[in-house]
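A structural walkthrough
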Amino acid sequence: MKRIAILGSTGSIGQSALAVVDAHPDRLQVVALAAGGNGSRLAEQAEKYRPSRTALASETGPEGLLRVATHPEADVVLFASSGTAALDAVLAAIESGKTIALANKEILVMAGSVVMAAAKRRKVAVLPVDSEHNAIHQCLHGRDAADVRKLILTASGGPFRGISSAALEKVTAADALRHPTWRMGPKITIDSATLMNKGLEVIEARWLFDVGPSQIDVVVHPQSIVHSMVEFVDGSVIAQLGVTDMRLPIQYAFSYPERWSTPLPRLDLTTAGRLDFERPDTGRFRCLDLAFRALSGAEGLSIVLNAANEVAVAAFLDDRVAFAAIPSIIEQTMEAYERAGTSAINGLDEVRSIDGWAREFAARATAGVQSTS
């Protein structure tokens, strides 16, 4: 019996994780749940699963997240909440010796060096839940890092693949929220439309698998059947395929190193049709290139990228800036950070300082775009 704690239990990933628990009541037990602000849904979950600890971040603040993440009975802690509030919690869970199932992008984008160094020191496994990184983890299982030439992340291309630059200028938030494959929260869906989601995944991959930027590639695969691939030094490419359902990578993280049966539909390649692959159009979708630039640039630039993107996406969802303004706001903020000079990042204090500065600058940049639009 594996005992599970979930941070972000009321979101889409958290609910999928609880569905995995429902499918394996003889193997999984929920011992702690935390949510952001959806108290009514958290109460329903607490009534059903009877965890010994719950926390609603809007009431308890970070202390509640820490209590859930470090529950002494928890074997695996799933970080499914978005945002930076979970940074302290993930480090506390690592120090407590928990296995980390990671679905929160900001944790590694902002503090990848700090988090992975702590995990290595404590000999704690960090298991990716994102379908792409989960696929790479499966492809790499039992293989020497020296055998790897390149990690190949697949991207659906989002709802605007193939439309013209002129048409991109006119898209609305409602247009961008209609993802062709996945059903996700609004922020990550917009990130998918700009390809920033893939950019953040590139940064995550660097830390999860300890590879350089030149060893990470991205291809657009609209069918979302091949979840990612690994090319080895001998030219062989190993891919992981499956149906598009987040319960699969969540179950993999919960069951690892074992594999369990699942009631989910099986992939039928005879009915899958074509599998297409193409290069991402970074001319129309500049966010992906900005992510590679952040990864290859000054320390702290990934923090700036993430913070500016959150500010710009929020402004787009509020109809305060156009879709095309998102990469411009991010680039302005990154350039300002590079001009200001950088300092070493030794812990979360520096991470939060850079994050706060970037959010303030991006907010001013957003206001400037808004005032001239």
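Right, let's walk through the structure included here. What you see is a predicted model; the values in this text were computed from it and never measured.

1. Quick word on the overall build of the protein chain
The helix and strand inventory of the protein chain stands at 17 helices and 10 strands. Relative to its length of 373 residues, the protein chain is compact, with a C-alpha radius of gyration of 20 Å against a globular reference of 21 Å. Seen along its three principal axes, the alpha-carbon backbone of the protein chain occupies a region of about 60 × 50 × 40 Å. Restricting the contact set of the protein chain to residue pairs at least 6 apart, pairs at least 24 apart contribute 70%. Looking at the protein chain as shown, the accessible area adds up to about 15,800 Å², and 49% of this sits on carbon and sulfur atoms. Here the protein chain contributes 37 positively and 42 negatively charged side chains, and the mean placements of these two sets differ by 2 Å.

2. Quick notes on the sheet that holds strand β3 (residues 53-56)
In space, the six strands of this open sheet follow the order β3-β2-β1-β4-β5-β6, with parallel pairing throughout. The sheet is open, and its two edges are formed by β3 and β6 (126-128), each paired on a single side. On average, each strand axis in the sheet is tilted by 20 degrees relative to the strand beside it, whichever way the strands run. The sheet contact formed by strand β1 (residues 2-7) and strand β2 (residues 28-35) spans six bridges and is parallel. Following the sheet pairing, isoleucine 4 is matched in β2 by valine 30. Seen against the sheet, helix α4 (residues 62-69) touches β1, β2, β3 and β4 (76-79) and runs at an angle of roughly 155 degrees to β3.

3. Here's the deal with the pattern of salt bridges
Between side chains of opposite charge, pairing is possible as soon as their charged atoms come close. Under the definition given, this model contains 27 salt bridges. Residues arginine 3 and aspartate 75 are paired through a salt bridge, measuring 3.3 Å at the closest nitrogen-oxygen approach. Of the two residues, arginine 3 is situated in strand β1 and aspartate 75 in the loop between α4 and β4; the sequence distance between them amounts to 72 residues. Accessibility expressed as a relative area gives 30% for arginine 3, which makes it partly exposed. Residues joined in a network through salt bridges with shared partners are Lys105, Asp130, Glu132, Lys198, Glu201 and Glu204.

4. Quick look at unusual backbone geometry
Proline 257 follows tyrosine 256 through a cis peptide bond whose omega is 10 degrees. Locating proline 257 in the fold gives a position in the loop between α12 (247-255) and α13 (269-272). One non-glycine residue, arginine 50, lies in positive phi territory at about 55 degrees. For arginine 50, the position within the fold is in the loop between α2 (39-49) and β3. Its relative accessible area of 58% is what places arginine 50 among the exposed residues.

5. A short note on a nonpolar patch on the surface
On the surface, Leu241, Leu267, Leu269, Leu275 and Phe277 cluster together to form a nonpolar patch covering roughly 400 Å² of accessible area. A relative accessible area of 40% means that phenylalanine 277 is categorised as partly exposed.

6. Describing the pairing of strand β7 (residues 148-155)
With seven of its eight residues buried, β7 lies for the most part within the structure. Relative to strand β9 (residues 226-232), β7 is paired through five bridges, and the arrangement is antiparallel. Looking at β9, one finds that lysine 150 is bridged to glutamate 231. With five bridges connecting them, β7 and strand β8 (residues 216-220) associate as parallel partners. By the bridge assignment, threonine 154 is partnered in β8 with valine 219.

7. Details of the nonpolar core
Counting 97 residues, the largest nonpolar core has Phe79 and Leu305 as the members making the most contacts within it. No other element matches helix α15 (residues 301-317), which puts 11 residues into this core. Not counting chain neighbours up to four residues away, the residues in contact with leucine 305 comprise Met196, Leu200, Ile203, Leu290, Ala291, Ala294, Ile330 and Met334. Formed by 26 residues, the second largest nonpolar core is a distinct cluster that contains Leu18, Tyr49, Phe254 and Trp260.

8. Comments concerning helix α10 (residues 186-194)
Those residues of α10 lying buried are Thr189, Ile190, Asp191, Ser192, Ala193 and Thr194. Each element contacted by the buried residues of α10 is listed here: α9 (173-176), α11 (196-209), α14 (287-296), α15 and α16 (325-340).

9. So, helix α7 (residues 131-140)
By the criterion of burial, α7 is predominantly enclosed, with 10 of the 10 residues buried. Regarding α7, the residues found buried are Ser131, Glu132, His133, Asn134, Ala135, Ile136, His137, Gln138, Cys139 and Leu140. Of the surrounding secondary structure, the elements contacted by the buried residues of α7 are β6, β7, α11, β9, β10 (237-241) and α12. A positive phi of about 80 degrees marks glycine 142, the residue just after α7.

Criteria and thresholds
Residues numbered from 1 in each chain as written. Predicted model: local features only at pLDDT ≥ 70, side-chain atom pairs only at ≥ 80, totals over all residues. Heavy atoms only, no water. Helix = DSSP H or I, 4+ residues; strand = E, 2+ residues; numbered from the N terminus. Rg over C-alpha atoms; globule rule 2.2 N^0.38 Å. Contact = heavy atoms within 4.5 Å. Areas by Shrake-Rupley, 256 points an atom, 1.4 Å probe, with all protein chains shown as cover. Lys, Arg positive; Asp, Glu negative; His and termini not counted. Charge placed at Lys NZ, Arg CZ, Asp CG, Glu CD. Pairing = 2+ DSSP bridges. Axes fitted to C-alpha atoms, helices over the stretch in contact; angles between N-to-C directions. Salt bridge = Lys/Arg side-chain N within 4 Å of Asp/Glu carboxyl O. Buried < 20%, exposed > 50% of the residue type's maximum accessible area, 1.4 Å probe, protein only. Patch = residues over 30% accessible without salt bridge, like charges linked within 9 Å, V, L, I, M, F, W, Y side chains within 5 Å. Core = buried A, V, L, I, M, F, W, Y, C linked by side-chain atoms within 4.5 Å.

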